[in-house]
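Residues per chain, in single letters:
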Amino acid sequence: MPPADRADLVVVGAGTIGGWASVFAAGDGLGRVVVLEAGLAGQGASSRAAGIVRAQGGTPATVALGRWSIDFYNGQAARYGTDSGFRELGYLILAVTEDDERQGRARIEMQRAAGLDVEWLTAAEAAARIPTLAPDGHRGGSFVATDGCIDPPRNVRAYSLAMQAAGVELRERTAFEGLVLESDDAGGRRVVGVETSRGPIGTERVILSGGPSLRAVGRAAGLRIPAGAARHTVCVLEPAEAFDVARQAMVFDIGEGLYWRLEERGLLFGWSDPDETPGEARSINWPMYERVRERLAGFVPATRGLGIRRIWAATIDFTPDHLPILGPGLTRDGEPIDGVVVASAGGHGMMWGPGVARVAVDLAVHGSSGLVDTADLGLDRFDAEGRSRLATDPIALPFPTDTGEVGTASL
Ligand SMILES: Cc1cc2nc3c(=O)[nH]c(=O)nc-3n(C[C@H](O)[C@H](O)[C@H](O)COP(=O)(O)OP(=O)(O)OC[C@H]3O[C@@H](n4cnc5c(N)ncnc54)[C@H](O)[C@@H]3O)c2cc1C
């Protein structure tokens with residue numbers, strides 16, 4: 001018996017990837033778009049992020065995803081009547097060692113070739129541009145004036161309103177539990193439906209997102225997806241006179257994975273610890289916090305002695321090479337499953353999320369995307385242990401590279 005419930009596209013996960021993907025699909029003319037959300041929309045990583053958005057990527061594909069996403073954020077209000085609160089602030093990626101500087105200058109060449117307007121600031125120029133930054137202890141860095149930040153809860157609100165306006169059907173408290181496949185005459189597999197905690201839905205297109213839960217979503221689907229989850233911590237310090245300015249550029253201490261920006265006249269900073277065991281974030285690592293505060297105070301002396309206004313640890317998604325996953329679901333034999341697309345921003349869902357969502361819809365609906373070349377971004381870049389054949393994104397946060405037990409595909 002075919003299921004009574006049918007959709008032109010089923011999207012798993014109502015985070016920023018699934019949310020925006022559903023809006024784009026409806027905008028492309030797909031009639032019935034259903035989003036399955038195990039909990040509540042935005043309750044995953046998407047509402048807990050720091051909101052940093054940069055086009056300064058480490059590869060041409062991530063530069064393209066960042067640029068597309070910034071253009072998208074800038075055009076949201078006109079298109080959807082709502083926005084994610086994007087503010088153009090500028091972003092300095094600091095070089096601390098000679099090696100950082102060599103790599104940073106080489107990165108600039110790649111980014112310029114990818115069309116990005118990026119410059120190198122000396123230490124003195126950086127300190128002049130960012131008055132709270134100490135002039136010593138670093139060698140300046142690469143700077144893009146058009147990078148900035150969004151307000152993550154406002155982004156959840158923006159895609160939720162856009163979903164509603166586009167007629168997307170959001171099913172909260174409804175978990176995706178599996179794919180229903182058929183074999184074609186040539187021996188290929190294609191999706192014809194999904195199983196959910198509230199019954200089956202017939203469909204020929206599925207986008208699987210899930211952020212930090214993507215590996216489990218893959219497991220439910222019968223796919224092997226080497227996506228990880230780890231603790232990431234963000235802290236906002238109390239207001240100080242030095243931070244009482246309308247606009248100041250954000251800074252990334254790339255070697256330590258420590259970034260900061262101003263927030264409500266205080267300073268927001270965040271970090272990842274590459275040495276900790278991946279898993280769900282349950283608490284603040286206070287000794288690590290102390291180390292990070294000390295390093296921050298070296299770069300921003302005005303933070304010394306300031307109290308905490310807010311601090312949170314949350315679970316961030318990552319991939320083994322810290323690059324996005326965009327490609328078809330694969331069977332155990334590595335054959336693509338027709339109609340199934342896997343989408344992960346690999347821990348960069350604020351900066352690449354709209355671009356990742358756009359590409360996921362392009363692949364699911366049109367079969368290819370003009371936004372980025374996805375040849376290298378699919379699941380086929382990972383071996384049986386989840387190791388990528390690509391080099392790790394040189395500008396990502398220092399996430400772990402081992403996502404843990406990936407298991408085997410059952411399809
Ligand atoms: C503390 C922190 C700070 C961050 N800061 C930044 C930043 O500054 N810049 C940046 O670019 N990125 C940042 N990130 C990363 C960014 O938030 C994520 O990459 C992004 O939110 C991932 O979006 P998503 O839609 O893939 O996942 P999520 O937002 O986690 O959404 C996935 C959804 O899938 C649902 N789901 C799971 N399993 C199922 C199932 N079986 N059935 C149905 N639904 C299911 C979940 O309930 C969840 O709602 C940060 C993350 C954290 C945690």
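This text goes with the structure placed above it.
The structure presented is a predicted model; accordingly, all values stated were derived computationally and were not measured.

Colleague: Just to check I follow, could you spell out the sheet that holds strand E3 (residues 52-53) for this structure?
Modeller: Two modes of strand pairing occur in sheets, parallel and antiparallel, and in both the strands are linked by backbone hydrogen bonds. Reading across the sheet, the 3 strands line up as E3-E8-E4 and stay open at both edges, with antiparallel pairing between neighbours. A single partner strand is all that each edge strand has here, and the edge strands are E3 and strand E4 (87-88).

Colleague: Quick question: what am I supposed to make of the state of the cysteines here?
Modeller: Covalent bonding between the sulfur atoms of two cysteines is what defines a disulfide. Within the structure shown, the criterion is met by 0 disulfides. As a non-bridged cysteine, Cys149 has Cys235 as the owner of its nearest cysteine sulfur, 16 Å distant.

Colleague: When you look at a negative patch on the surface in this model, what are you seeing that I'm missing?
Modeller: Together, Asp8, Asp184, Asp185, Glu204 and Asp338 line one region of the surface with negative charge. Examined against the element boundaries, Glu204 turns out to sit in the loop between strand E12 (201-202) and strand E13 (206-208). Judged by relative accessible area, which is 48%, Glu204 ranks as partly exposed.

Colleague: Is there a simple way to think about the packing of aromatic side chains in this case?
Modeller: Aromatic ring pairs are reported here in terms of the distance separating the ring centres and the angle at which the planes meet. Counting across every chain of the model gives 17 aromatic pairs. Following the ring pairs from residue to residue traces out a cluster consisting of Trp20, Phe24, Trp68, Phe72, Tyr73, Tyr80, Phe86 and Tyr159.

Colleague: Help me understand the site of the ligand in this model?
Modeller: Near the ligand, the surroundings consist of 36 residues, among which Glu37, Ala45, Ser46, Ile52 and Gly349 are the closest. Separating an oxygen atom of the ligand from a backbone N or O atom of Ile52 is a distance of 2.8 Å. Asp317 places a polar side-chain atom, nitrogen or oxygen, 3.0 Å from an oxygen atom of the ligand. For the ligand, whose free accessible area comes to 1000 Å², the fraction covered by protein is 93%. Only helix H1 (16-27), strand E14 (228-237) and strand E18 (308-318) provide two or more residues apiece to the shell around the ligand. With 4 residues, the top contributor of residues to the shell around the ligand is E18. Grouping the amino acids of the shell around the ligand by side-chain chemistry returns 18 nonpolar, 15 polar and 3 charged.

Colleague: For this particular structure, what's the right way to read the side chain of Glu263?
Modeller: Here Glu263 shows up in strand E16 (residues 258-263). Taking the relative accessible area as the measure of exposure, Glu263 reaches 15% and is therefore buried. Separated by 3.2 Å, the side chains of Glu263 and Arg310 make a polar contact. Those residues in contact with Glu263 that sit more than four places away from it in its chain are Val236, Leu268 and Arg310.

Colleague: Looking at this structure, how should I read the pattern of salt bridges?
Modeller: Once their charged atoms are close, side chains differing in charge can pair, the charge on each being opposite to the other. For the structure shown, the criterion picks out 25 salt bridges. The salt bridge involving Arg282 is made with Glu280; its shortest N-O contact spans 3.6 Å. Under the relative-accessibility criterion, Arg282 is labelled exposed at 72%. With a relative accessible area of 55%, Glu280 lands in the exposed category.

Colleague: Looking at this structure, how should I read the nonpolar core?
Modeller: A general feature of soluble globular proteins is that nonpolar side chains tend to end up buried together. Core analysis: the largest hydrophobic core is formed by 74 residues, its most contacted members being Trp20, Val33, Val53, Ile207, Tyr259, Leu326 and Val356. The contact partners of Val33, leaving out residues within four places of it in the chain, are Leu9, Val11, Ser22, Ala25, Ala26, Val168 and Glu169. Core analysis: the second largest hydrophobic core is formed by 27 residues, Val217, Leu379, Phe382 and Leu411 among them.

Colleague: Quick question: what am I supposed to make of H1 here?
Modeller: Count 3.6 residues to each turn of an α-helix, and residues three or four apart come out pointing the same way. Helix length check: H1 (12 residues) gives 16 Å between terminal C-alpha atoms against 16 Å at 1.5 Å per residue, within 8%. With 11 of 12 residues buried, H1 is to be regarded as a mostly interior element. Taken together, the buried positions of H1 are occupied by Thr16, Ile17, Gly18, Gly19, Trp20, Ala21, Ser22, Val23, Phe24, Ala25 and Ala26. Positioned one or two residues after H1, Gly29 has a phi angle of 100 degrees, which is positive.

Criteria and cut-off values
Residues numbered from 1 in each chain as written. Predicted model: local features only at pLDDT ≥ 70, side-chain atom pairs only at ≥ 80, totals over all residues. Heavy atoms only, no water. Pairing = 2+ DSSP bridges. Helix = DSSP H or I, 4+ residues; strand = E, 2+ residues; numbered from the N terminus. Disulfide = S-S within 2.5 Å. Patch = residues over 30% accessible without salt bridge, like charges linked within 9 Å, V, L, I, M, F, W, Y side chains within 5 Å. Areas by Shrake-Rupley, 256 points an atom, 1.4 Å probe, with all protein chains shown as cover. Salt bridge = Lys/Arg side-chain N within 4 Å of Asp/Glu carboxyl O. Lys, Arg positive; Asp, Glu negative; His and termini not counted. Charge placed at Lys NZ, Arg CZ, Asp CG, Glu CD. Buried < 20%, exposed > 50% of the residue type's maximum accessible area, 1.4 Å probe, protein only. Phe/Tyr/Trp six-rings, centres within 6.5 Å; stacked < 30°, edge-to-face > 60°. Near = heavy atom within 4 Å. Polar contact = N/O pair within 3.5 Å; in protein donor to acceptor, adjacent residues only side chain to side chain. Nonpolar A, V, L, I, M, F, W, Y, C, P; charged D, E, K, R; others polar. Contact = heavy atoms within 4.5 Å. Core = buried A, V, L, I, M, F, W, Y, C linked by side-chain atoms within 4.5 Å. Expected span 1.5 Å × (residues − 1).

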